[in-house]
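Read off the chains here:
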Amino acid sequence: MSHVQAGKRQKTRDARTENVDYFQGIERIEYNNMATATDTAYYRHYNSGEKILSKDMEEWLKYSVSFTEFKYDGSDAQGRPTFNRQWDDHTNTVDNCKRCIRAFYDFCTKLGVKYWTAFDSDLVPQTDNWDENKSNWDEITDYITELVQKTQIKLLWMAPDLHSHPRYASGAFTSNEAITFVQAASQIKKCLEVSQRLNAECFLLWPYREGYDAVFQTDVAREIKLFAKLLKITAEYRDRLNYKCQLLLMPYQSFGRNCRTIDMWRPRCDFDSDTLNRYMWDVTSCLYFLKFHSLDRYYKVCTHPGQHMYLAGVYNVFGGVTMTNTFDPSDIKTMTLMLKCIIDQGSAPPGGISLRVSCPRGGSVRDQLSMYINYIDECARGLRVAAAVVAEQVFVKHVQQRYSSYYSGFGARLVSGDVSMEECEELYKKNQTQAEIQSGKRGNYELVFQRYLDACDHV
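Residue indices begin from 1 for each chain and proceed along its sequence in written order. In keeping with the predicted nature of the model, local features appear solely for residues at pLDDT of at least 70, side-chain atom pairs appear and are counted solely at 80 or more, and the whole-chain, interface and lining totals rest on all residues. Excluding hydrogens and water, the side-chain values take into account all heavy atoms of the structure.

By the naming in an unreviewed UniProt entry, the protein chain is Xylose isomerase, taken from Danaus chrysippus. UniProt positions are given in the numbering used here, feature names are shortened, and annotations may be inferred rather than shown by experiment. As stated in UniProt under Catalytic activity (unreviewed entry), the record for the protein chain gives "alpha-D-xylose = alpha-D-xylulofuranose".

Rendered as structure tokens:
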């Protein structure tokens, strides 16, 4: 399709984006394991260059900071914006976007984090004019490229915002309007091209609005076919671009009822789970969808810490971890198990650990920085404990002992699949004596694990 070439916007240097220290009085956060409880300007556990199991700590953790959360203005369903940031005048202009990006790069520099993430709608002014949108993207992409060269802080993934525009009220992948599908595909195409220009390592899709609330007015089979179609043509276009990024999917997951209403990574809490049916509710439904449509070779899955992450690891589709304010960083047990899962994989997932931490409505810039320090430090503490658990192999030996009956004889044949129902019955007839039930020793190993956690400050 051809378009009339619009006059290009004159590229300018806004004085407010140049040589301005938006974080005066805040130094770069460094590692100091002797820092006291009140020395909050230091990491006590995160030492980026320290070797943990033959890899630098920053390699295992691969943190990224969310530009979406950085731009949060303090508003919610019951209140207006509360933040008045020096760099953000809340105008829908390229210059304002540049100031926000520049301030964000300074923020990442203070934290010492090398990656960041964003939705496309966070980076450029919103417009429905094709040529104006192209011009804005070119200017913003050039500006980010300059900052990357200066700071070596890279875009880890970009995601198209396929949920906030009114056109996507009934879904983007699965809308009942064909033109909406076309618009979503066009938006994904542009995002892929920009991601390639910025050398992003991954590209994420989040099917937030893909589902239905009334089956009597929904062609479910058609919508699922459309969903798979858009995922497929996205992967095909990436291949035609010769773009070697990892495609990621973030299933819609419920993080509980006490969620913050402005965070678009979590449900709005206006509907019960049984009134709105999501096509990709959790990791299990996502895995089945990808397998059924032969898309599992293209996509990996991002999830929050916990059971879903372990399942993704077992099925070799673990793409990354997303941590939001709903996750308590002081939950060192869950944090350690998360990092043990990453160590068991052999390296950080391609999508790393995405920190989507927003500042409370009454918080300051320093408060937001402190919240990230807390999450980064507690992840590092969990990594230290997980590394000690893995190195000493206490639990590996216990698991091997528990499943020892499957390592030889008939048990080994069960695992290989070379066995029939008749053979099982025959073996049972020969061994009808009730075997003694062996203790799983859960209580003992819960105590062992707890003592690893208790000793984490000394690891």
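Asker: An account of the overall build of the protein chain is requested, with residue identities and associated values reported.
Answerer: Secondary structure assignment for the protein chain yields 15 helices and 14 strands. In this scheme, a residue with accessible area under 20% of its type's maximum is buried, one over 50% is exposed, and one in between is partly exposed, where area comes from a 1.4 Å probe on protein chains only. Across the 459 residues that make up the protein chain, the buried fraction comes to 48%. Look at the contacts in the protein chain between residues 6 or more apart in sequence, and 75% of them connect residues 24 or more apart. In these tables, accessible area is a Shrake-Rupley quantity obtained with a 1.4 Å probe, and a residue counts as shielded only by the protein chains included in the view. Here the protein chain displays about 23700 Å² of accessible surface, and carbon together with sulfur accounts for 49% of that area. Counting from the N terminus, the helices are DSSP H or I runs at least four residues long and the strands are E runs at least two residues long. Residues count as neighbours in contact if any of their non-hydrogen atoms are within 4.5 Å of one another.

Asker: Which residues make up the confidence of the model for the protein chain, and what are the values?
Answerer: The quantity known as pLDDT measures the predictor's confidence residue by residue, on a range of 0 to 100. Looking at the protein chain as a whole, its pLDDT mean stands at 86, while 90% of the residues score no less than 70. Low pLDDT, under 50, characterises residues 1-8; the predicted model gives this stretch 5 contacts beyond four residues in sequence or across chains. Note on residues 254-275: pLDDT under 50 across the span, and 54 contacts to partners over four residues away in sequence or across chains.

Asker: Which residues make up the pairing of strand β14 (residues 353-356), and what are the values?
Answerer: The side-chain alternation of β14 yields two buried faces, one formed by Ile353 and Leu355 and the other by Ser354 and Arg356. Here, a strand pair is defined by DSSP locating no fewer than two bridges between the strands. The pairing of strand β13 (residues 318-324) with β14 spans 4 bridges and is parallel. Paired with Met323 across the strands is Leu355, a residue of β14.

Asker: Requested: an account of the pattern of salt bridges, with residues and values cited.
Answerer: We count a salt bridge whenever a side-chain nitrogen from Lys or Arg sits within 4 Å of a carboxyl oxygen from Asp or Glu. Scanning all chains against the criterion turns up 24 salt bridges. Among the ionic pairs, Lys114 bridges to Glu58, the shortest N-O distance being 3.1 Å. Taken together, the residues span a long stretch of sequence, with Lys114 in the loop between α3 (94-111) and β6 (115-119) and Glu58 in helix α1 (residues 57-61) at a distance of 56 residues. A relative accessible area of 44% places Lys114 in the partly exposed class. Its relative accessible area of 24% is what places Glu58 among the partly exposed residues. Note that Asp89 is salt-bridged to Arg99, the shortest N-O span being 2.7 Å. Note that Asp89 is positioned in the loop between α2 (67-70) and α3 and Arg99 in helix α3, a separation of 10 residues in sequence.

Asker: Outline a nonpolar patch on the surface, supporting the account with residue identities and numerical values.
Answerer: A contiguous nonpolar patch, built from Val399, Tyr403, Tyr406, Tyr407, Leu414 and Val415 and spanning about 590 Å² of accessible area, is present on the exposed surface. Tracing the backbone through its elements, the reader meets Val399 in helix α12 (residues 394-402). For Val399, a relative accessible area of 41% gives the class partly exposed. Patch membership needs two things, relative accessible area over 30% and no salt bridge, and members are linked within 9 Å if like-charged or within 5 Å if nonpolar (Val, Leu, Ile, Met, Phe, Trp, Tyr).

Asker: Requested: an account of the nonpolar core, with residues and values cited.
Answerer: Among buried residues, those of type Ala, Val, Leu, Ile, Met, Phe, Trp, Tyr and Cys that are joined through side-chain atoms within 4.5 Å constitute a nonpolar core. Ranked by internal contacts, the top residues of the largest apolar core, which has 114 residues, are Leu61, Tyr63, Leu111, Trp116, Leu123, Tyr299 and Met323. Looking at this core element by element, the count peaks at 14 residues for helix α11 (residues 365-392). Aside from chain neighbours lying at most four places away, what touches Leu123 is Phe67, Cys97, Ile101, Trp116, Ala118, Trp137, Ile140, Ile144 and Met158. If you look at the next biggest cluster of nonpolar residues, it comprises 13 residues, including Phe119, Trp157, Leu204 and Cys302.

Asker: Hey, could you go over the packing of helix α10 (residues 332-345) against helix α15 (residues 442-454) for me, with residue numbers and the actual values?
Answerer: Every axis in this analysis is a line fitted to C-alpha atoms, fitted for helices over the stretch in contact. Angles between the N-to-C directions lie between 0 and 180 degrees. One can describe the packing of α10 onto α15 by two numbers: an axis separation of 11 Å at closest approach and a directional angle of 95°. With respect to α15, the element α10 is oriented roughly perpendicular. Contacts between α10 and α15 involve Ile332, Lys333, Thr336 and Leu337 from the first element and Glu446, Phe449 and Leu453 from the second. Residue classes in the contact of α10 with α15 are distributed as 4 nonpolar, 1 polar and 2 charged. Angular relationships are summarised with four words: roughly parallel below 35 degrees, roughly antiparallel beyond 145, roughly perpendicular across 65 to 115, and oblique for the angles in between. Under the scheme applied, nonpolar residues are Ala, Val, Leu, Ile, Met, Phe, Trp, Tyr, Cys and Pro; charged residues are Asp, Glu, Lys and Arg; polar residues are all the others, including Gly.

Asker: Could you give an account of the packing of aromatic side chains, naming the residues involved and the relevant values?
Answerer: To pair, rings of Phe, Tyr and Trp, with the six-membered ring standing in for Trp, must have centres within 6.5 Å; the planes then decide the type, stacked if under 30 degrees apart, edge-to-face if over 60, and tilted in the middle. Applying the stated rule across the entire model yields 24 aromatic pairs. With centroids separated by 5.5 Å and ring planes inclined at 40°, the aromatic side chains of Phe23 and Trp87 adopt a geometry described as tilted. A residue pair is termed long-range when its members are at least 10 positions apart, and Phe23 in the segment before β1 (30-31) and Trp87 in the loop between α2 and α3 qualify at 64 residues. Note on accessibility: Phe23 and Trp87 belong to one class, buried. The ring centre of Tyr115 lies 5.5 Å from the NZ or CZ of Lys62, which sits over that ring. Geometrically, a charge over a ring is one whose NZ (Lys) or CZ (Arg) sits within 6 Å of the ring centre while staying within 35 degrees of the ring normal. The cationic tip of Arg85 hangs over the ring face of Phe83; the distance from NZ or CZ to the ring centre is 4.1 Å.

Asker: Kindly report on helix α5 (residues 130-151), identifying the contributing residues and their values.
Answerer: Along its 22 residues, α5 runs 31 Å from first to last C-alpha, staying within 8% of the 32 Å computed at 1.5 Å per residue. If you check which residues of α5 are buried, you get Asp131, Ser135, Asn136, Trp137, Asp138, Glu139, Ile140, Thr141, Tyr143, Ile144, Leu147 and Val148. On the buried face of α5, the contacting elements are α3, β6, α4 (120-123), β7 (154-159) and α6 (178-197). Polar contacts here mean pairs of N or O atoms no more than 3.5 Å apart (in protein, one a potential hydrogen donor and the other a potential acceptor; neighbouring residues in sequence count only if both atoms are side-chain atoms). Near the N-terminus of α5, the side chain that reaches the backbone nitrogen of Asp131, with its oxygen 3.1 Å away, is that of Asn129. A positive phi of about 65° marks Gln152, the residue just after α5. Working rule for helices: expected span equals 1.5 Å times residues minus one.

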